[in-house]
Amino acid sequence: MKIIENKMTFAFDGKNECVAQVEDGETLIFRTHDCFDNQLDEAGSTIGNLNWDCINPATGPVYVKNAVAGDVLKVEILEITLGNQGVMCALPDNGVLGQLITEESVKRLKVENGKVHFNEQIVFDINPMIGVIGVAPENGAVNCGTPSNHGGNMDNKRITEGATLYFPIFHDGAIFSLGDVHAAMGDGEVMVSGVEIAADVKVRLSVIKGCRIETPMLENDDICGVIYSHEDIEKAVFHAVRIMNEIVQKKLGLSFNDAGMLLSAVGDLKFCQVVDPERTVMMCMPKSILNQLF
Ligand code: CA
Ligand code: ZN
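These figures come from a predicted structure and were not determined experimentally.

Draft legend 1. Inspection of the domain arrangement of the protein chain at higher detail. In terms of domains, the protein chain is made up of domain 1 (2–208) and domain 2 (217–286). Using C-alpha coordinates to define each centre, domain 1 is positioned 22 Å away from domain 2. At the junction of the two partners, domain 1 supplies 24 residues and domain 2 supplies 17 residues. Both sides together, the interface formed by domain 1 and domain 2 hides about 1600 Å², and carbon and sulfur atoms give 56% of it. Run the count over domain 1 and domain 2 and you get zero salt bridges. Where domain 1 meets domain 2, there are seven residue pairs in polar contact (both at pLDDT 80 or more). If you tally residues by element for the side of domain 1 that touches domain 2, the top one is strand E15 (residues 164–168), at three residues. By residue class, the composition of the side of domain 1 that touches domain 2 is ten nonpolar, ten polar and four charged.

Draft legend 2. The arrangement of the coordination of the zinc ion (ligand 2) in detail. Donor atoms from the polypeptide that bind the zinc ion (ligand 2) are Asp 180 (OD), His 182 (NE2), Glu 196 (OE) and Glu 196 (OE), placed at 1.8 to 2.7 Å. Given four donor atoms and angles of 53 to 146° at the metal, the environment of the zinc ion (ligand 2) is assigned as irregular. One chain supplies every donor for the zinc ion (ligand 2), spaced along it as D-x1-H-x13-E.

Draft legend 3. Broad picture of the coordination of the calcium ion (ligand 1). Coordination of the calcium ion (ligand 1) by the protein comes from Asn 153 (OD1), Asp 155 (OD), Asp 155 (OD) and Asp 180 (OD), over a distance range of 2.2 to 2.5 Å. Spacing between the donor residues of the calcium ion (ligand 1) along their common chain follows N-x1-D-x24-D. For the pair the calcium ion (ligand 1) and the zinc ion (ligand 2), the metal-to-metal distance amounts to 3.2 Å, and Asp 180 bridges them. Separated by 25 residues along the polypeptide, Asp 155 in the loop between strand E14 (151–153) and E15 and Asp 180 in strand E16 (residues 176–182) bring together distant segments of the chain. Asp 180 shares its class with Asp 155; the two are buried.

How each quantity is defined
- Residue indices follow the written sequence of each chain, beginning from 1 at its first position.
- Key to labels: chains lettered from A, ligands numbered from 1, both in the order written.
- Given that the model is predicted, a residue must reach a pLDDT of at least 70 before its local features are reported, and side-chain atom pairs must reach 80 or more before they are shown or counted; all residues, however, enter totals for whole chains, interfaces and linings.
- Side-chain figures throughout are based on the complete set of non-hydrogen atoms in the structure, without hydrogens or water.
- Domain start and stop points were drawn from an automatic or database domain assignment.
- Throughout, a contact is declared for two residues whenever any of their heavy atoms are within 4.5 Å.
- Buried area: the accessible area, evaluated with a 1.4 Å probe, that two parts lose upon being put together, summed over both parts.
- When a carboxyl oxygen of Asp or Glu lies within 4 Å of a side-chain nitrogen of Lys or Arg, that pair is called a salt bridge.
- For the purposes of these results, a polar contact is taken to be a pair of N or O atoms within 3.5 Å, where, inside protein, one atom must be able to donate a hydrogen and its partner to accept one; residues adjacent in sequence count only when each atom of the pair is a side-chain atom.
- Counting from the N terminus, the helices are DSSP H or I runs at least four residues long and the strands are E runs at least two residues long.
- Lys, Arg, Asp and Glu make up the charged group, whereas Ala, Val, Leu, Ile, Met, Phe, Trp, Tyr, Cys and Pro make up the nonpolar group; the residues left over, Gly among them, are polar.
- Each metal site lists N, O and S donors within 2.8 Å (3.2 Å for Na, K and Ca). With water left out of the atoms, a site can look as if it is missing ligands.
- A four-donor site is called tetrahedral if each angle lies between 85 and 135 degrees; a four-donor site is square planar, and a six-donor site octahedral, when trans pairs exceed 155 degrees and the remaining angles lie between 65 and 115; all other cases are labelled irregular.
- The buried label applies to any residue whose accessible area, calculated with a 1.4 Å probe on protein chains only, is under 20% of its type's maximum; exposed applies above 50%, and partly exposed to all values in between.

Below, the structure written as structure tokens:
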């Protein structure tokens, strides 16, 4: 199996040179660094010494054969294998409480046997997820810290083992990469960091022909979700709900109003993250009502 490692990119860009070509339907492993490019791993390393040019590395990109602009890239998250130490930080002016943070701090957390050790008393289950994942955007370059309709830094905790993601393809080959794994993160990512950690991520990449989508979508055993990012969170909410309404109308043969009422009755709107340059939300419908996106 192909392993993509030691090849990092800091922006999603159709002009990026791909580090490997993969077949349509191929399974491969991405070996990722944490969002600080592992610079805070050593005890004593500080935010002050960070090289900010190396933040949010994504591993890749890879060129997916058979992928043409206008197609959809299907990404099955098969397995996430975590390193044994995570790192979190608090930074003045960053995150929901940024204005109240008076000094920076860095916390290193042992990750062992499926548990995150926050301190001596507080231990919780891992919830591995991928923060940064996506394809080259339609225009120009988007740094890996910013989410948009190409994916990117969506910080969606449901991007985890067993989930399948769908991305619009804007460039031949899709130009796909991923990184920024978290051992755990809550909805919202309120302090800007999850439990940031290096990881190996096994995915299967395939191309779907003949359907266009305008934003990333997600399916797992329980829900179908429409993910939308926008600098204005109300606009992100509007578009996620609008697109899910369109899908429900089409798949279930409902009117606009009935589809909307069904969303209102059984759909869940989730804040993925509210702290990145564009905010990300996901409108979810239960599989018992909407059994597939396509
Ligand atoms: Ca992130
Ligand atoms: Zn992260």
